[in-house]
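Descriptive analysis of the structure
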Amino acid sequence: MVGWPEILKKENLTREEKKCICNRLMTTESHMEQLILKHFTEEDFRRVWMRKIGGGVIGGKACGLLVARKLIELSMPEYAEHVEPHNSFFIGTDVFYRYLVYNRCAELKARHRLEKEHFKETEELTKRLRGGSLPEDIREELSDMLDHYGTTPIIVRSSSIMEDGYGNAFSGKYESIFCMNQGTKEERMEELEEAIRRVYASTMNEQAIEYRRKRHLLDVDEQMALLIQQVAGQQYGDLYMPVAAGMGCSYNPYKWMEHLNPEAGMLRMVMGLGTRAVERTPGDYPRLIGLDRAQANLRTTLAERHKFSQRKVDVLDFGTKSLCTKSLEKILDLFPKWQKKMVLSRDTDAEDMLAERHIYRTIYFADCQGMVDNLEFIRMMRTLMKMLEKEYERPVDVEFAVTSPEEGIWRLNLLQCRPLQTAKSEQVHIPDGVDHEFLFDVRRTSMRRSKEEPIDYIVWVDPQKYYEYEYAKKPDVARLISRINQYFEDTDKKLMLLVPGRIGTSSPELGVPVVYAEISQFSAICEVAYGKAGYHPDLSYGSHMFQDMVEADVYYGAINDNSKTRLYRPELLTRYPEVLKDILPGESQELADIVKIHDVSRSGATLTLDAQEGRAVCRIRGEQQTAER
């Protein structure tokens, strides 16, 4: 339609005109299009148009944000005073295309084959994307945008047309870059352009390519829009952060306590920037909140609450001009009293013990308890997510930040909303009297639905030998798991992975440091306790890796050394062939001693998940069961 922007000036648009504008401005994805056409007014479209830079659509993440905010405006007017207005800009998909052409990337990208064995052109394409320049007319619009923000920090986020939609989430696959937005206009502009280049180049990173490969999207042209958001928060000296931030799910399949209601939803909250809420944080524990029993805490004593709390806070540091992590004690004095009450608790038991030695000190720990005790906040988050789930017609997850400019005042800044992938539960039956066939039988561990599926291979990492392995070499174990993952890429084999401690940690002493792209072929992944070496599962509910597993319908559970685990018999695996050297004959013996691949494909092995009972059982029936399979 020639001159379609002119139609935006009309007082009343027909449905066909709205559809055309939606498709040119926002999205062509049918589910999101229906939500937009149902709820957006002519003025809503005009506001999006006024905030858009360049041609094309604004992409999935931006659409999800705007739709969720519109639904909150319409459905929850009673909470209006607690919702921070959005202050975002959108860089359209055409700018990415022009950037590719402008920097001689388009032809290279067109002939680039995103297959594991063909990466010859990846390095050159990434180099051009990272070193490119933007068209001058776009730079002028970006300059005007910087004038709007002044020196408030901003963040440049990916918003591809495939992102955060009904089909694909792309959780954490592309980069998000904070801009301090300080200094001269030229310095701020240079920082912004560098952030844009980095997000554009992240379309070529390993995790994004692996995600597209797994979901058969390699042949789909990735059109990248960008979402520019003001960073929620306030300045504390040279630091900038919100009081708290986190993510929420409208459906909570992660029963860390017996009586949690999955339908009520959950939050994962941290003090400071929300980066620590969506990534694994070794030694740190975000606050998990079941919204039906928000004040219920798995940790019952002050000592436990303190031990399993947040010790470090992510902030923007104007001094170093970077995102950085500060220890809690170093930033405590920056917060006014009312903000401390929102996110900090006192360990009075520890204070009393010190007082006995004539040492008088206030000991704080971060657990977001004040937000948990804020009944209005908890009620709002539960109402908000259930409303979004109803409108989206499936569970959703959101990202948010909380600010408190004055005592008694708090505001929620909704940063993201996306629909979660769902699958129907199956009817399952776990038989009695066959404990001798169970590899494990665990309860109250994460799952989304009831199902039973066969298991062909079980990859088991020996916890004692992993513990004894040289520290500097521990990442080699992760790389071996990656090679196993790659070996099975083009097969339909079902794999289970059993690892000591945490999966995906950046600290090898706590577990195995893989990224999701290195374990993407596994149907089931279990973190296993091994007290002799100090390995303890810590399921990273809400993290990007966890969201990847949810989306791929992977079972992600914990085999603890407590009442949640009725049975765990790893010695059962020795009855079945160990085939690492058959599959990867070139592997070193020292790694082969640590990582075992047991072929259970002829044994009738199954994984059964009973979501109603909160129970997961791996059963290996024995060689006599192979003929039927």
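Residues numbered from 1 in each chain as written. Predicted model: local features only at pLDDT ≥ 70, side-chain atom pairs only at ≥ 80, totals over all residues. Heavy atoms only, no water.

Before going further, it helps to examine the sheet that holds strand S20 (residues 495-500). Strand order in the open sheet formed by 5 strands is S24-S23-S20-S19-S26, with mixed pairing between adjacent strands. The open sheet is flanked by strand S24 (555-559) and strand S26 (595-599), the only strands paired with a single partner. Taking the axes of each pair of neighbouring strands and ignoring which way they run, one obtains an average angle of 20 degrees across the sheet. With 6 bridges connecting them, S20 and strand S23 (residues 522-528) associate as parallel partners. Paired with Val499 across the two strands is Glu527, which belongs to S23. (Pairing = 2+ DSSP bridges. Helix = DSSP H or I, 4+ residues; strand = E, 2+ residues; numbered from the N terminus. Axes fitted to C-alpha atoms, helices over the stretch in contact; angles between N-to-C directions.)

Here the focus is the nonpolar core. Counting residues in hydrophobic clusters, the biggest one holds 69 residues, and the most contacted among them are Met26, Phe377 and Leu388. Here this core gets 9 residues from one element, more than from any other, and that element is helix H18 (residues 375-392). There are two domains that each give this core at least three residues, and those are domain 1 (2-228) and domain 2 (232-417). Discounting residues that sit within four places of it in the chain, Phe377 has contacts with Leu267, Met269, Met371, Phe400, Val402, Trp410 and Leu412. Membership of the second largest hydrophobic core comes to 38 residues, among which are Val512, Tyr535, Leu584 and Ala592. (Core = buried A, V, L, I, M, F, W, Y, C linked by side-chain atoms within 4.5 Å. Buried < 20%, exposed > 50% of the residue type's maximum accessible area, 1.4 Å probe, protein only. Domains from an automatic or database assignment. Contact = heavy atoms within 4.5 Å.)

Ordered by their spatial adjacency, 5 strands build an open sheet running S1-S2-S5-S3-S4, and the pairing between neighbours is mixed. Two strands close off the open sheet at either side, each with one partner strand: strand S1 (52-53) and strand S4 (176-179).

Looking at the element boundaries, Ser88 is found in strand S2 (residues 88-91). A relative accessible area of 3% places Ser88 in the buried class. With residues up to four places along the chain from it excluded, the contact list for Ser88 reads Arg51, Leu65, Tyr149, Leu227, Ile228 and Gln229.

Attention now goes to the packing of aromatic side chains. Per the counting criterion, the structure on display carries 13 aromatic pairs. One aromatic cluster is present, built from ring pairs that chain together Phe96, Tyr99 and Tyr200. The ring of Phe89 has Arg51 lying over it, and the distance from NZ or CZ to the ring centre is 4.5 Å. Taking the ring centre of Tyr466 as reference, the NZ or CZ of Lys474 above it sits at 5.2 Å. (Phe/Tyr/Trp six-rings, centres within 6.5 Å; stacked < 30°, edge-to-face > 60°. Lys NZ or Arg CZ within 6 Å of the ring centre and 35° of its normal.)

This paragraph deals with the confidence of the model for the protein. In the predicted model, the protein carries a mean pLDDT of 86, and the fraction of residues at 70 or more is 86%. Across residues 113-118 the pLDDT falls below 50, and counting only partners more than four positions away or on other chains, this stretch makes 11 contacts in the model. Of the regions scoring below 50 in pLDDT, residues 624-629 engages in 12 contacts with residues more than four places distant in sequence or in other chains. (pLDDT = per-residue confidence, 0-100.)

Let us look at the pairing of strand S9 (residues 266-271). Of all 6 residues that make up S9, 6 are buried, and the element is covered over most of its length. On S9, burial covers both faces: Met266, Arg268 and Val270 on one face and Leu267, Met269 and Met271 on the other are all buried. In the sheet, S9 pairs with strand S10 (residues 287-290) via 4 bridges, with the strands oriented antiparallel. Bridge pairing in S10 places Met266 opposite Gly290.

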